[in-house]
Amino acid sequence: RIKRNSNKAQNAIKEISNSISLLTIGEIKQTKKSINKLQKILGNNPIVNILSAKLAMQTNDDVALQQSLNNMKEQEETQTLALSSLANLAQKNQNYSQAEKYLEEALKESPEATRLIPALIDIYKKNKQWQKLKTLIENNKKLLKTYDYQIDLAIASIVLSDLAMKGKDQNKALNLI
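Residues numbered from 1 in each chain as written. Predicted model: local features only at pLDDT ≥ 70, side-chain atom pairs only at ≥ 80, totals over all residues. Heavy atoms only, no water.

*Asks:* Honestly, the layout of surface pockets in this entry has me stumped. Any pointers?
*Replies:* Empty pockets left among the atoms are what a rolling probe the size of a water molecule brings to light. Size it by volume and the largest pocket reaches roughly 280 Å³. Around the largest pocket, the lining comprises 15 residues; the ones closest to its centre are Ile35, Ser52, Leu55, Ala64 and Ser68. For the lining of the largest pocket, the secondary structure elements donating two or more residues are helix H2 (28–42), helix H3 (46–58) and helix H4 (62–73). At 5 residues, H3 tops the list of elements feeding residues into the lining of the largest pocket. For the lining of the largest pocket, a count of residues per class yields 5 nonpolar, 8 polar and 2 charged. (1 Å grid on protein atoms, 1.4 Å probe; cavity = no way out; pocket = protein on both sides within 12 Å on 5 of 7 lines; lining within 4 Å. Points joined across faces, edges and corners; volume = space filled by probe spheres on them. Helix = DSSP H or I, 4+ residues; strand = E, 2+ residues; numbered from the N terminus. Nonpolar A, V, L, I, M, F, W, Y, C, P; charged D, E, K, R; others polar.)

As structure tokens, then:
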């Protein structure tokens, strides 16, 4: 049994290396074959899903990409990566509200994934989610020290203030600035 597991591990490592190499040089048909072999060895494994997603990205196959990312989303090791990638796919398809949901879920699952914050800032601006934008920037000031985010914060504050003024709530408007 130990020898069989050792052979399985060696075959998996060999096929992972082969899949990555083939994918890197653009051998699409051979990559598909290699990933299929790897899936037979490992089943529904995070590395199989990652390689499948990378292949789908490289071939612009959004249906296969969606399927691979949904599989990845169900696996703890790849959940945040999947949610981030699903957000990118939603943005590509101009579904900004879905992209917002994926990014918020990704940050909820992995608050340390700070590289998602700029993407969420952009989505909030596209979706005109000014209060969410302001709160996100204020809660992450230490991470977001660049001038651009100070401008975003100012814009969100001004828009929120303007909305409050139109509602004749001057006190609220002044507190938002």
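On we go from here.
*Asks:* I'm lost on the packing of helix H7 (residues 116–126) against helix H8 (residues 130–139) in this one. Help?
*Replies:* For any two helices packed against each other, one specifies the crossing angle of their axes together with the interaxial distance. Two numbers describe how H7 lies on H8: the axes approach to 8 Å, and their chain directions differ by 155°. On the basis of the axis angle, H7 is roughly antiparallel to H8. The chirality of how H7 crosses H8 is left-handed. Every residue of H8 that contacts H7 at Ile117, Leu120, Ile121, Tyr124 and Lys125 is listed here: Trp130, Lys132, Leu133, Leu136 and Ile137. Class assignment of the residues belonging to the contact of H7 with H8 gives a composition of 8 nonpolar, no polar and 2 charged. (Axes fitted to C-alpha atoms, helices over the stretch in contact; angles between N-to-C directions. Parallel < 35°, antiparallel > 145°, perpendicular 65-115°, else oblique. Left-handed = near helix turned anticlockwise from the far one by under 90°. Contact = heavy atoms within 4.5 Å.)

*Asks:* Is there a simple way to explain H7 in this structure?
*Replies:* Because the α-helix completes a turn every 3.6 residues, residues three or four places apart line up on one side. If you check which residues of H7 are buried, you get Leu116, Ile117, Leu120, Ile121, Ile123 and Tyr124. The arc that holds every buried residue of H7, seen down its axis, measures 165°, which confines them to one face. Within two residues after H7, lysine 128 carries a phi angle of roughly 55°, on the positive side. (Buried < 20%, exposed > 50% of the residue type's maximum accessible area, 1.4 Å probe, protein only. Arc of directions from axis to C-beta.)

*Asks:* So what exactly am I meant to see when it comes to a negative patch on the surface here?
*Replies:* Side chains of Glu76, Glu77, Glu105 and Glu109 sit close together on the surface and give a patch of like negative charge. The topology assignment puts glutamate 77 in the loop between H4 and helix H5 (79–92). Among the residues examined, glutamate 77 registers a relative accessible area of 63% and is labelled exposed. (Patch = residues over 30% accessible without salt bridge, like charges linked within 9 Å, V, L, I, M, F, W, Y side chains within 5 Å. Areas by Shrake-Rupley, 256 points an atom, 1.4 Å probe, with all protein chains shown as cover. Salt bridge = Lys/Arg side-chain N within 4 Å of Asp/Glu carboxyl O. Lys, Arg positive; Asp, Glu negative; His and termini not counted. Charge placed at Lys NZ, Arg CZ, Asp CG, Glu CD.)

*Asks:* How should the nonpolar core be read in this particular structure?
*Replies:* For soluble globular proteins, the rule of thumb is that nonpolar side chains tend to be buried together. One finds Ile121 and Leu133 to be the most contacted residues of the largest nonpolar core, which totals 31 residues. Breaking this core down by element, the ones donating at least two residues are H3, H4, H5, helix H6 (96–109), H7, H8 and helix H9 (147–166). Grouped together as the second largest cluster of nonpolar side chains are 7 residues, Leu23, Ile35, Leu38 and Leu51 included. (Core = buried A, V, L, I, M, F, W, Y, C linked by side-chain atoms within 4.5 Å.)

*Asks:* Just to check I follow, could you spell out H3 for this structure?
*Replies:* Over its 13 residues, H3 extends 18 Å from the first C-alpha to the last, a length consistent with the 18 Å expected when each residue adds 1.5 Å. Looking only at H3, the buried set comprises Pro46, Val48, Asn49, Leu51, Ala53, Leu55 and Ala56. In this structure asparagine 45 caps H3, since a side-chain oxygen of it lies 2.9 Å from the backbone nitrogen of isoleucine 47. Immediately downstream of H3, the backbone of asparagine 60 shows phi near 55°, a positive value. (Expected span 1.5 Å × (residues − 1). Polar contact = N/O pair within 3.5 Å; in protein donor to acceptor, adjacent residues only side chain to side chain.)

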